[in-house]
Amino acid sequence: MDLKYGKPHSLMGWADANRARLKPPVCNAAVFPDGDYIINMVGGPNTRTDFHDNPTEEIFYQIKGNCYLNVWDRGKFDRIDIREGEIFLMPAHLIHSPQRPEAGSLCLLIEKPRPLGHVDWLRWYCPKCAALTWEASKQLESLVEDLPKIYALFYATSEAERRCKTCGTVHPGKDYAAWHALRRASA
Ligand SMILES: [Fe+2]
């Protein structure tokens, strides 16, 4: 029998063997890098300010610890908690920003390859008024290689480019702690 991806094996055993890859700054490793499904284990701690608009669904299975998604919905921020042991099928195009504050947390995240012509967007929003600060789209071929290129473009923007056209607040760019502090102060 030719099992292309090997025999069934322990997922937690795999996580233990890959623990170093599940820590910052990467926090992410493919369980089956060569299969058709995109199956990643995502660790913590990891906090971010980018919001993702995925043209396909995502399955979150929070194995260890808790995480939450900051959500941008029709001009307002919202939040979805995914607690240890919970599974969540996220609809396509829910604009989300996963927050994983807990060290050692583990989430199995399953995504689909993107059909041609269905692009992913990364967006950054004003922490004070939730207006769009900056966005870019990409026909995603590799989660690992394509998304960091978009982050780099955003982090290279000037303060003037990151100044909110609605309320004048400057998005702190790469400084996620400052963004979350401004967001909390405005909630
Ligand atoms: Fe604003």
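Keep in mind the model is a prediction, meaning the values are calculated, not measured. (Residues numbered from 1 in each chain as written. Predicted model: local features only at pLDDT ≥ 70, side-chain atom pairs only at ≥ 80, totals over all residues.)

Caption draft 1: Geometry of the overall build of the chain. The number of helices and strands found in the chain is 3 helices and 11 strands. Sequence-ordered secondary structure for the chain, helices as α and strands as β, is α-β-β-β-β-β-β-β-β-β-β-β-α-α. When its C-alpha atoms are laid out on the principal axes, the chain stretches across 60 × 35 × 25 Å. Buried positions account for 20% of the 187 residues belonging to the chain. Intrachain contacts of the chain at a sequence separation of at least 6 include 63% that bridge at least 24 residues. (Helix = DSSP H or I, 4+ residues; strand = E, 2+ residues; numbered from the N terminus. Buried ≥ 20, exposed ≤ 12 C-beta atoms within 10 Å, placed from the backbone. Contact = placed C-beta atoms within 7 Å.)

Caption draft 2: Geometry of the sheet that holds strand β7 (residues 87-90). Strand order in this open sheet of 5 strands is β1-β2-β9-β4-β7, and the pairing throughout is antiparallel. Looking at which strands have only one partner, the edges of the open sheet turn out to be β1 (28-30) and β7. Averaged over all pairs of adjacent strands, the angle between their axes in this sheet comes to 20°, without regard to strand direction. In this sheet, strand β2 (residues 38-43) lies alongside β1 in antiparallel orientation, the contact comprising 3 bridges. Opposite Ala29, over in β2, you have Met41 as the bridge partner. (Pairing = 2+ DSSP bridges. Axes fitted to C-alpha atoms, helices over the stretch in contact; angles between N-to-C directions.)

Caption draft 3: Local environment of the pairing of strand β9 (residues 106-111). Judged from the 6 bridges that link them, β2 and β9 form a sheet pairing that is antiparallel. Looking at the pairing, Asn40 lines up with Leu109 of β9.

Caption draft 4: Up close: the environment of Trp121. Within the secondary structure, Trp121 sits in strand β10 (residues 120-125). Classification of Trp121 by C-beta neighbours within 10 Å gives partly exposed; the count is 16. Sequence separation between Trp121 and Ile95 is 26 residues, and the spatial gap between their C-alpha atoms is 9.0 Å. Among residues more than four places away in sequence, those in contact with Trp121 are Asp53, Glu135 and Ser137.

Caption draft 5: Highlighting the nonpolar core. Among the nonpolar cores identified, the biggest contains 8 residues, and these are Leu22, Met41, Val42, Phe60, Cys67, Met90, Leu106 and Cys107. Secondary structure elements with two or more residues in this core: β2 and β9. If near-sequence neighbours (up to four positions away) are discounted, Leu106 is found in contact with Ala15, Leu22, Met41, Gly43, Ile63, Lys64 and Gly65. Phe51, Trp124, Tyr125 and Phe154 belong to the second-largest nonpolar core, a separate cluster that totals 5 residues. (Core = buried A, V, L, I, M, F, W, Y, C linked by C-beta atoms within 7 Å.)

Caption draft 6: Just the pairing of β10, in detail. The pairing of strand β3 (residues 51-53) with β10 spans 3 bridges and is classified as antiparallel. Counterpart to Phe51 in the pairing with β10 is Arg123. Direction of pairing for β10 relative to strand β11 (residues 132-138): antiparallel, over a ladder of 6 bridges. Along β11, the bridge assignment pairs Asp120 with Lys138. Connecting β10 to the next strand, β11, in antiparallel fashion are 6 residues, including Ala130 with a positive phi near 70°.

Caption draft 7: The arrangement of the environment of Glu159 in detail. Considering the arrangement of structural elements, one finds Glu159 in the loop between α2 (143-155) and α3 (176-186). Given 10 C-beta atoms within a 10 Å radius, Glu159 is considered exposed.

Caption draft 8: Seen up close, unusual backbone geometry. A cis geometry characterises the amide bond from Gly44 onward to Pro45, with omega recorded as 5°. By the element assignment, Pro45 lies in the loop between β2 and β3. Positive phi is not limited to glycine here, since Ala130 has a value of about 70°. Counting through the fold element by element, Ala130 comes out in the loop between β10 and β11. With 19 C-beta atoms packed within 10 Å, Ala130 lands in the partly exposed category.

Function-wise, these values are silent; they only describe arrangement.
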